[in-house]
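# Architecture and fold: a report
Each chain, written out:
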Number of protein chains: 2
Amino acid sequence: MKFNSYLNKIKEYVAGKPIEQIARDYQLNTKDIIKLGSNENPYGPSPKVIQTLKQNSNSVHMYPDDSFYELKSVLAKKFDVNENEIIFGCGSDQIIELAVRAKAKIGDNVLTAGLTFAMYKIAAQSVGANLIKTDSLIHNLDELYTKYKKDNPSVIFLCLPNNPIGDCLDTDEVYSFLEKIDSETLVFVDGAYQEFASYKDKKKHIDIKDLINRFDNVVYSGTFSKLYGLGGMRIGYGISKSKNLKALYKLRPPFNVASLSISAALSALEDEDYINEYLKHNLDQMKRYEDFIVSKGYSFVDSYTNFIQLEFKEDINSSVLASELMKRGIIIRDMSSYGINGIRITIGTSLQNDIVLKNLDELL
Amino acid sequence: MKFNSYLNKIKEYVAGKPIEQIARDYQLNTKDIIKLGSNENPYGPSPKVIQTLKQNSNSVHMYPDDSFYELKSVLAKKFDVNENEIIFGCGSDQIIELAVRAKAKIGDNVLTAGLTFAMYKIAAQSVGANLIKTDSLIHNLDELYTKYKKDNPSVIFLCLPNNPIGDCLDTDEVYSFLEKIDSETLVFVDGAYQEFASYKDKKKHIDIKDLINRFDNVVYSGTFSKLYGLGGMRIGYGISKSKNLKALYKLRPPFNVASLSISAALSALEDEDYINEYLKHNLDQMKRYEDFIVSKGYSFVDSYTNFIQLEFKEDINSSVLASELMKRGIIIRDMSSYGINGIRITIGTSLQNDIVLKNLDELL
């Protein structure tokens, strides 16, 4: 049986190995494995979230509230936007997918930075669109603008801050760029790590209400997977003018978010103290990696996220290092496949960072 | 900003009211509301599932195992199929969506029975395909075949048993039909309620391994939402030849199922006694509705599911009845919008059924 021919171009996404398999492959105990490869909040969500999950475990047979009544109301207040300017997804991944499916079609171009979140390519390919990247790995707005003029993309992605590198454009630069983009091109602003950037540097802060009110063609996305410690729960959101979201809502499958995920997100939003503590901790602990790598004579990318990219000189091969760390039960991201001799490490708990830094000290 | 023009034809899906809103609208206490409108397992999942959820609440910050390593292995054994013949979705809804997106394109036809699961239309429209229905509300294979020859659909849906009516074709009839369908047409066999049908009548039983081995063009789907009591967890599966699933995997978004949902499904599969007890209870309780409605001089559709359609004569208006039940805190499905003067009731717990039957007795 033949399927749609544009699928031929798509390479199937292959998931990373689960911890259990790594444990088997490397003869480790799963408890001893430190996973700092996927930028999860290492402390997990607020204890109030865990309490909510336990309390609500008894009602998982009931379908979720597909209107997201309460969560939508809370989020609308938080961002001072209208309820019809919010849509929820199975992770912000799904908002990316819905936006691309609504806007792009076979043969269209979708424009991104040279090295950015993998989901943009997956979403573009899933509708048979072409992914166009800048030569610069980080977001270079001049280059993005040149490509925009040349390739006439239907969607442009800005990842602010950028995963997997950690860099972040200033919001006023972004605004200047957006002013030059025609109103028929959808600009998707991915704010998965935006709270980390805002906390570190006000110049990176995006006021979502202001953003969507100034730019009719922008769809913003946020997630509960990073700051809020709900990576396993698959819940994120999109914010845009309601006339744009109408198109996304038409493609949104009913019941796309699990009921426990909705309750967890609600609880997570209620515990601001917990979040602020994590934001502070993240920066404090990141400094340890910065100081360490400089002391070793190597460099790092100034990060506005909860991960940091460490870059080596020729005396170190990042793949060898990543493999050596893996043998010791430490999972980080080797950047060599992106042409970078470096590794990306999620900022862990103090204890996890102690262990990682001790091992790096031995290996570098 | 304009979106893909085929979206203009799509009417946005509007979710049913959440219980909380019904409580507000009708000045009821949420605890007093009996929701028998969405065919959830009224007893919820096995207590072992709830235990698992509570135990795993602490690790929701970690991304799910996107390889579904353990669950895939268990399900492959259960159905005696290969692991690469299984794909998981955010409910079996997502399997429906992926199959349609992989196979159908703008302007294609998608063929279904006259009255069947709403998701088929949503999926067809989401790629700009046309939904073609038989005049018969229930599955009429002759009519489906005639439409197939005339309209050359790229996808045909068979819902076995059929939601929302409850009827079910015999498997040998289905096989005879499948033999007449060309190998380039994808036939999607939706088995969301299949376990209920198999339990009641062996002639309705589908051997999934046999089905996909005989028919290269079939994609089967199952769910944990109904029998297993996990409607809120959003997890279902698709089973087909691996060469078909390769196409679906290309469109499957990474991390499409929450980690707790995967654990819950695993636990649910382990407790077969619980499931068998529910299957027996469901049939016993259904008999109460059958006997009741006949005693009142009305009729019912012989159901192979966990719900039953009661049909009235002209002296009863199903919308008025549904509205009256709602005022009393009982949510069922009025079938009048489908041209049927009847209501669909999910078979509840014994206690729920006592209350529903008492109220129906007063109103009929």
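Reading the values: rules and limits
- Residues numbered from 1 in each chain as written.
- Chains lettered and ligands numbered in written order.
- Predicted model: local features only at pLDDT ≥ 70, side-chain atom pairs only at ≥ 80, totals over all residues.
- Heavy atoms only, no water.
- Helix = DSSP H or I, 4+ residues; strand = E, 2+ residues; numbered from the N terminus.
- Rg over C-alpha atoms; globule rule 2.2 N^0.38 Å.
- Buried < 20%, exposed > 50% of the residue type's maximum accessible area, 1.4 Å probe, protein only.
- Contact = heavy atoms within 4.5 Å.
- Areas by Shrake-Rupley, 256 points an atom, 1.4 Å probe, with all protein chains shown as cover.
- Lys, Arg positive; Asp, Glu negative; His and termini not counted.
- Charge placed at Lys NZ, Arg CZ, Asp CG, Glu CD.
- Salt bridge = Lys/Arg side-chain N within 4 Å of Asp/Glu carboxyl O.
- Axes fitted to C-alpha atoms, helices over the stretch in contact; angles between N-to-C directions.
- Parallel < 35°, antiparallel > 145°, perpendicular 65-115°, else oblique.
- UniProt positions renumbered as here; feature names shortened; annotations may be inferred.
- Polar contact = N/O pair within 3.5 Å; in protein donor to acceptor, adjacent residues only side chain to side chain.
- Buried area = accessible area lost by both parts, 1.4 Å probe.
- Core = buried A, V, L, I, M, F, W, Y, C linked by side-chain atoms within 4.5 Å.
- Pairing = 2+ DSSP bridges.
- Least-squares fit on C-alpha atoms with pLDDT ≥ 70 in both.
- Phe/Tyr/Trp six-rings, centres within 6.5 Å; stacked < 30°, edge-to-face > 60°.
- Lys NZ or Arg CZ within 6 Å of the ring centre and 35° of its normal.
- Domains from an automatic or database assignment.

Another aspect to go through is the overall build of chain A. For chain A, the count of helices and strands is 14 helices and 13 strands. Taken over the C-alpha trace, chain A has a radius of gyration of 21 Å; the compact-globule value for 364 residues is 21 Å, and the two agree within 12%. In terms of overall dimensions, chain A has C-alpha extents of about 55 × 55 × 55 Å along its principal axes. Within chain A, the proportion of its 364 residues that are buried is 64%. Partitioning the intrachain contacts of chain A with sequence separation of at least 6 by distance along the chain shows that 72% fall at a separation of at least 24. As presented, chain A carries roughly 14100 Å² of accessible surface, and 49% of it is formed by carbon and sulfur atoms. Side chains of chain A give 44 positive and 48 negative charges; the mean places of these two sets differ by 4 Å.

To continue, consider the pattern of salt bridges. Tallied over the full model, the rule gives 44 salt bridges over all chains. For E324(B), the salt bridge identified is with R328(B), shortest N-O distance 3.6 Å. Ionic contacts of the salt-bridge type, sharing partners, join the residues E324(A), K327(A), R328(A), K358(A) and E362(A) into one network.

What follows deals with the packing of helix α4 (residues 92–103) of chain B against helix α10 (residues 242–251) of chain B. Each pair of packed helices can be summarised by the angle the axes make with each other and by the distance between the axes. All names here are of chain B. For the pair α4 and α10, the least separation of the axes is 9 Å and the interaxial angle reads 105°. The orientation of α4 with respect to α10, classified from their angle, is roughly perpendicular. Contact residues: I95, L98, A99, R101 and A102 in α4; A247, L248 and L251 in α10.

Here the UniProt feature "modified residue: N6-(pyridoxal phosphate)lysine" (unreviewed entry) sits at K226(A). With relative accessibility at 7%, the residue K226(A) sits in the buried group. For K226(A), the contacting residues outside a window of four places in its chain are S38(A), N39(A), N41(A), A192(A), Y193(A), F196(A), Y278(A) and Y63(B). Of note is the side chain of K226(A), whose polar atom sits 3.0 Å from the backbone oxygen of S38(A).

This part is about the interface of chain A and chain B. In this assembly, 78 residues from chain A lie in contact with 78 residues from chain B. Summed over the three residues of chain A that lose the most area to chain B, namely M1(A), Y63(A) and K250(A), the buried surface amounts to 13% of that side. Taken together, the connections running from chain A to chain B amount to 2 salt bridges. Salt-bridge contacts for E97(A) lead to R101(B); the nearest nitrogen and oxygen are separated by 3.3 Å. On inspection of chain A and its partner chain B, the count reaches 34 residue pairs in polar contact (both at pLDDT 80 or more). Breaking the side of chain A that touches chain B down by element, the ones donating at least two residues are α1 (19–25), α2 (47–56), α4 (92–103), α5 (119–126), α10 (242–251) and α11 (259–270) of chain A. The element that contributes the greatest number of residues to the side of chain A that touches chain B is α10(A), accounting for 8 residues.

Inside soluble globular proteins, nonpolar side chains tend to come together where they are buried. The biggest cluster of nonpolar side chains holds 122 residues, and the ones touching the most others in it are F224(A) and F224(B). For F224(B), the residues in contact, after removing those within four places along its chain, are L71(B), L75(B), G229(B), L230(B), G231(B), I235(B), G236(B), Y237(B), A265(B) and L269(B).

Attention now goes to the sheet that holds strand β9 (residues 299–300) of chain A. All names here are of chain A. Strand order in the open sheet formed by 4 strands is β9-β10-β13-β12, with antiparallel pairing between adjacent strands. Two strands close off the open sheet at either side, each with one partner strand: β9 and β12 (333–334). Pairing between β12 and strand β13 (residues 342–346): 2 bridges, direction antiparallel. Bridging across to β13, D334 finds its partner in I343. Where helix α12 (residues 272–295) meets the sheet, it contacts β9, β10 (307–311) and β13, and its direction lies at approximately 5° from that of β10.

Per the UniProt annotation, the sites labelled "domain: Aminotransferase class I/classII large" (unreviewed entry) are residues 31–358 of chain A. Taken end to end, residues 31–358 of chain A has its terminal C-alpha atoms 18 Å apart, with 43% of it in helix and 15% in strand.

Expressed as a screw operation, the relation of chain A to chain B combines 0.0 Å of axial shift with a rotation of 180°, fitting to an RMSD of 0.0 Å. In the structure described here, the two chain copies are related by an operation that fits a two-fold rotation axis. Considering only C-alpha atoms, the part of chain A nearest the rotation axis is K54(A), at 2.5 Å. Here 100% of the interface residues in chain A have copies in chain B that are interface residues too; the copies meet face to matching face.

So, about the packing of aromatic side chains. Tallied over the entire structure, the rule returns 28 aromatic pairs over all chains. Between F117(A) and Y120(A) the ring centres are 5.6 Å apart and the planes differ by 85°, which places this aromatic pair in the edge-to-face class. With 5.4 Å between their ring centres and 85° between their planes, Y298(B) and F312(B) make a pair best called edge-to-face. In this pair, Y298(B) sits in the loop between α12 (272–295) and β9 (299–300) while F312(B) sits in the loop between β10 (307–311) and α13 (318–327), placing the two residues 14 residues apart along the sequence. What makes Y298(B) buried here is its relative accessible area of 11%. The exposure class assigned to F312(B) is buried, which follows from its relative accessible area of 10%. Here the aromatic residues F79(A), F224(A), Y228(A) and Y237(A) are joined through ring pairs into a cluster of three or more. In this structure, K103(B) packs its charged tip against the face of F3(A), placed 5.7 Å from the ring centre.

Further remarks concern the pairing of strand β2 (residues 86–89) of chain A. Residues and elements named next belong to chain A. The alternating pattern of β2 places I86 and F88 on one face and I87 and G89 on the opposite face, and all of these are buried. Here 4 bridges tie β2 to strand β8 (residues 236–239), and the two strands are oriented antiparallel to one another. Bridge pairing links G89 to G236 in β8.

Here we come to unusual backbone geometry. In the segment running from N163(A) into P164(A), the intervening peptide bond is cis, with an omega of 15°. Mapped onto the elements of the fold, P164(A) is located in the loop between β5 (155–159) and α7 (171–179). Look at D80(A): it is not a glycine, yet its phi comes out positive at around 55°. Mapped onto the elements, D80(A) comes out in the loop between α3 (69–79) and β2. By relative accessible area, D80(A) is classed as partly exposed at 47%. You will see that N152(B), though not glycine, has its phi angle at about 45°, which is positive. Structurally, N152(B) is set in the loop between α6 (141–151) and β5 (155–159). The class for N152(B) is exposed, based on a relative accessible area of 59%.

Residue and element names in this part refer to chain A. Along its sequence, chain A is carved into domain 1 (5–44 + 273–363) and domain 2 (47–271). Each of domain 1 and domain 2 was reduced to a C-alpha centroid, and the two centroids are 24 Å apart. Each side of the interface is counted separately: domain 1 has 31 residues, and domain 2 has 32 residues. Roughly 2600 Å² is buried in total at the junction of domain 1 and domain 2, and carbon and sulfur atoms are behind 67% of that figure. When residues of domain 1 are sorted by the area they lose upon contact with domain 2, Y6, L279 and Y304 head the list and together hold 27% of the total. Our enumeration of links across domain 1 and domain 2 arrives at 1 salt bridge. Notably, a salt bridge pairs K200 with D302, separated by 2.9 Å at the nearest N-O pair. At the surface where domain 1 touches domain 2, the tally comes to 12 residue pairs in polar contact (both at pLDDT 80 or more).

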